[in-house]
Amino acid sequence: RKEVEQDPGPFNVPEGATVAFNCTYSNSASQSFFWYRQDCRKEPKLLMSVYSSGNEDGRFTAQLNRASQYISLLIRDSKLSDSATYLCVVRGRTNSGYALNFGKGTSLLVTP
Amino acid sequence: DTAVSQTPKYLVTQMGNDKSIKCEQNLGHDTMYWYKQDSKKFLKIMFSYNNKELIINETVPNRFSPKSPDKAHLNLHINSLELGDSAVYFCASKGGSSGNTIYFGEGSWLTVV
């Protein structure tokens, strides 16, 4: 079982729509959680950290449910520029230490 | 003024060759990484160094040898390249006030033919 699982999508939504992505992680001892964004042929960039109480940054809201080992990202009022792949990231154990484990990403396409 | 820079950006080479990818960060971070993103877009950690010391080595073939001459540099040397090594290799760094946030370089697109 992968450390971090996401629905790959693609999610095709019209501009202005609200869209939600979900992610589950396998290691209950994981402590840090993030959403990264990756544009086509570019490097991943931090979108936002995810805090236990949930947090919001403009049109983006992240939630964490530790009991269910589940993380979500909500995007309101989608813009064309939101089209990208959204990577769920969990800091946890690897075979030889701690590192950020990335999900495969969820692809979002916002259309006019 | 790029924070994490890696070279070359594109590399096409034949099977069996040896090649290197260089990475430098000017963020003053203590920890640097190499990640591999394959054709299925899965981003997987390969190595991590902290202050020039290897701390993570994730079941990577020993044809891959990282080298960190100082904490601002982490190079990746690959011997006897195979077709399956074709991928995008991302260097990244973390440290200081960035907490657990890691910053990626722009990636090196390696194609083995």
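As a reminder, the structure under discussion sits directly above these lines.
As the structure is a computational prediction, the values presented were derived from the model and not from experiment.

Engineer: Whenever I open this one, the overall build of chain A confuses me. Can you help?
Structural biologist: The number of helices and strands found in chain A is zero helices and 11 strands. Along chain A, helices and strands appear, N-terminal first, in the series β-β-β-β-β-β-β-β-β-β-β. Its C-alpha radius of gyration of 14 Å places chain A within 12% of the 13 Å reference for a compact globule of 112 residues. If you line up chain A on its principal axes, its C-alpha atoms span 45 × 30 × 20 Å. For chain A, the proportion of its 112 residues judged to be buried stands at 47%. If you take every contact in chain A between residues at least 6 apart in sequence, the share linking residues at least 24 apart comes to 55%. Side chains of chain A carry 13 positive and 10 negative charges; the gap between the two charge centres is 7 Å.

Engineer: What should I look at first to understand the interface of chain B and chain A in this one?
Structural biologist: Think of interface size as the accessible area that goes away when the parts come together; that is how it is often given. Listed as interface residues are 21 residues of chain B and, on the opposing side, 21 residues of chain A. Across the chain B to chain A interface the summed buried area is about 1800 Å²; carbon plus sulfur atoms make up 54%. When the area that chain B buries against chain A is broken down by residue, the three leading residues are Phe42, Asn100 and Phe104 of chain B, summing to 28%. Seen at the junction of chain B and chain A, the total is zero salt bridges. Counting every contact that joins chain B to chain A gives three residue pairs in polar contact (both at pLDDT 80 or more). Where the side of chain B that touches chain A is concerned, the elements lending two or more residues are strand 4 (31-37), strand 5 (43-50) and strand 6 (53-57) of chain B. Of all the elements, strand 6 of chain B adds the most residues to the side of chain B that touches chain A, at three residues.

Engineer: Teacher, can you tell me more about the sheet that holds strand 8 (residues 73-78) of chain B here?
Structural biologist: Residue and element names in this part refer to chain B. Read from one edge of the open sheet, four strands run 1-3-8-7, paired in antiparallel fashion. Since the sheet does not close on itself, it has two edges, and those belong to strand 1 (4-7) and strand 7 (64-70), each with one partner. Taking the axes of each pair of neighbouring strands and ignoring which way they run, one obtains an average angle of 15° across the sheet. Note that strand 7 and strand 8 share five bridges and pair antiparallel. Of the residues in strand 8, the one forming a bridge with Ser65 is His77.

Engineer: Mind showing me how you'd approach the layout of surface pockets here?
Structural biologist: Empty pockets left among the atoms are what a rolling probe the size of a water molecule brings to light. Approximately 480 Å³ is the volume found for the largest pocket. As for the largest pocket, its lining consists of 24 residues, of which Gln38 and Arg41 of chain A together with Gln37, Asp38 and Lys41 of chain B are closest to the centre. Only strand 9 (84-93) and strand 11 (106-111) of chain A together with strand 9 (87-94) and strand 11 (108-112) of chain B provide two or more residues apiece to the lining of the largest pocket. Partitioned by chemical class, the residues of the lining of the largest pocket number 10 nonpolar, seven polar and seven charged. Looking at the second largest pocket, its volume works out to about 260 Å³. As for the second largest pocket, its lining consists of 15 residues, and the residues nearest its centre are Glu3 and Asn101 of chain A together with Phe42, Lys44 and Glu58 of chain B. Taken together, the residues of the lining of the second largest pocket sort by class into seven nonpolar, three polar and five charged.

Engineer: Where do I start with the nonpolar core in this structure?
Structural biologist: Soluble, globular proteins show a tendency: their nonpolar side chains are buried together. In this structure, Phe21, Trp35, Ile71, Leu73, Ile75, Tyr86 and Leu108 of chain A are the most contacted members of the largest nonpolar core, which totals 23 residues. Listing elements by their share of this core, those giving two or more residues are strand 3 (19-25), strand 4 (32-38), strand 5 (44-50), strand 7 (60-65), strand 8 (70-75), strand 9 and strand 11 of chain A. Discounting residues that sit within four places of it in the chain, Tyr86 of chain A has contacts with Gln6, Phe21, Trp35, Tyr36, Arg37, Leu47, Phe60, Leu73, Ile75, Gly105, Thr106 and Leu108 of chain A. If you look at the next biggest cluster of nonpolar residues, it comprises 20 residues, including Met32, Trp34, Val60 and Leu110 of chain B.

Engineer: Please explain the sheet that holds strand 7 of chain A as it appears in this structure.
Structural biologist: Strand-to-strand pairing in sheets goes through backbone hydrogen bonds, with the strands running parallel or antiparallel. All names here are of chain A. Here we have five strands laid out as an open sheet, ordered 1-3-8-7-6, and antiparallel in their pairing. Here the strands that pair on one side only, and so sit at the sheet edges, are strand 1 (4-6) and strand 6 (55-57). Taking the axes of each pair of neighbouring strands and ignoring which way they run, one obtains an average angle of 20° across the sheet. Examined bridge by bridge, strand 6 and strand 7 share three bridges and lie antiparallel to one another. In the strand pairing of strand 7, Glu56 is matched with Thr61.

Parameters at a glance
- Residues numbered from 1 in each chain as written.
- Chains lettered and ligands numbered in written order.
- Predicted model: local features only at pLDDT ≥ 70, side-chain atom pairs only at ≥ 80, totals over all residues.
- Heavy atoms only, no water.
- Helix = DSSP H or I, 4+ residues; strand = E, 2+ residues; numbered from the N terminus.
- Rg over C-alpha atoms; globule rule 2.2 N^0.38 Å.
- Buried < 20%, exposed > 50% of the residue type's maximum accessible area, 1.4 Å probe, protein only.
- Contact = heavy atoms within 4.5 Å.
- Lys, Arg positive; Asp, Glu negative; His and termini not counted.
- Charge placed at Lys NZ, Arg CZ, Asp CG, Glu CD.
- Buried area = accessible area lost by both parts, 1.4 Å probe.
- Salt bridge = Lys/Arg side-chain N within 4 Å of Asp/Glu carboxyl O.
- Polar contact = N/O pair within 3.5 Å; in protein donor to acceptor, adjacent residues only side chain to side chain.
- Pairing = 2+ DSSP bridges.
- Axes fitted to C-alpha atoms, helices over the stretch in contact; angles between N-to-C directions.
- 1 Å grid on protein atoms, 1.4 Å probe; cavity = no way out; pocket = protein on both sides within 12 Å on 5 of 7 lines; lining within 4 Å.
- Points joined across faces, edges and corners; volume = space filled by probe spheres on them.
- Nonpolar A, V, L, I, M, F, W, Y, C, P; charged D, E, K, R; others polar.
- Core = buried A, V, L, I, M, F, W, Y, C linked by side-chain atoms within 4.5 Å.

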